[in-house]
Amino acid sequence: MAFPCIRGHHIYASLLNSKSVIVDLGGHKGEFSSILIEKHGCTSHVIEAMPNLYAGIKQHEQLHAYHFAAGSSDGTMEFHVSSNPESNSLRLKSEDHVETIIVPTISIPSFMNRFAITRIDLLKMDIEGAEIDVIRGMSDELLQSIPQITVEFHDFIPEMKLDQDVADCIERLKSLGFACIVFSRHTHFDVLFLNTRHCSLFVILQGRITKYIHGFGRIIRRFLG
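Now for a look at the structure at hand. (Residues numbered from 1 in each chain as written. Predicted model: local features only at pLDDT ≥ 70, side-chain atom pairs only at ≥ 80, totals over all residues. Heavy atoms only, no water.)

**Description of helix 1 (residues 31-40)**
- What helix 1 keeps buried is the set F32, S33, L36, I37 and H40. Buried residues of helix 1, viewed axially, fall in a sector of 125°; they line one side. Opposite the buried face of helix 1, by more than 90 degrees, sit the exposed residues E38 and K39.
- Positive backbone phi, approximately 75°, marks G41, located one or two places after helix 1. (Buried < 20%, exposed > 50% of the residue type's maximum accessible area, 1.4 Å probe, protein only. Helix = DSSP H or I, 4+ residues; strand = E, 2+ residues; numbered from the N terminus. Arc of directions from axis to C-beta.)

**Looking at the side chain of E152**
- Residue placement: E152 occurs in the loop between strand 10 (148-151) and helix 6 (163-175).
- In contact with E152, not counting residues within four places along its chain, are H9, M125, D126, E128, E131, H188 and F189. (Contact = heavy atoms within 4.5 Å.)

**Observations concerning the environment of V98**
- Tracing the sequence through the fold places V98 in strand 8 (residues 97-106).
- Its relative accessible area of 52% is what places V98 among the exposed residues.
- The sequence separation of V98 and L205 amounts to 107 residues, and the corresponding C-alpha distance is 44 Å.
- Once residues within four sequence positions are removed from consideration, V98 is found in contact with V81, S82 and S83.

**Concerning unusual backbone geometry**
- Here the phi dihedral of R7 falls at roughly 50°; this positive angle occurs in a residue that is not glycine.
- Note on placement: R7 falls in the loop between strand 1 (5-6) and strand 2 (9-10).
- Residue class for R7 comes out partly exposed when judged on its relative accessible area of 45%.
- The phi dihedral of E128 is positive, around 55°, even though this residue is not glycine.
- Among the secondary structure elements, E128 is positioned in the loop between strand 9 (122-125) and helix 4 (131-136).
- Accessibility expressed as a relative area gives 10% for E128, which makes it buried.

See the structure below:
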């Protein structure tokens, strides 16, 4: 499948190979990266802010883990821990808030410089609202060098009040030459940006058709119960 959905993130798999470099923000236990490494033989750099999740990532030659919260700058920030590990956040205390800890933060330019990462072939973000800060902390030139970006935006959480921020990020990436394919139905929790410098119009059209095929499949599954 050209546009598989990996743990809630659609990607364009045909751009990946054994030389590809993934940067996985909000890596949880490394599941997203592990799947792509197994299938394509690529290398992944996983950033995870939650200490126990970071400690549970099984590192090896192709999977490297780092204990940071990705953001717009380097430093430290409060990190709100939830009983639901999918809801830990720099931005918002969830209803399941357990505690607040201090975690180190890092921007993507600084991360690449510090760990000698010369390029990103796939950037994945699932970082509970901090994706806005990450994108703002990246230059136009850096963003334009990335073939594809898959993002779970968090405008589906009303308390975060991210609607305008998400719209601004999407418009910026479009202005830099990215085609935006929103695979989610109502909000932007599954968005794929394809760099038109690396993808033909046919591929982008194929992605948009895939979106509607997957959407039709969801309707059929709901109808069948």
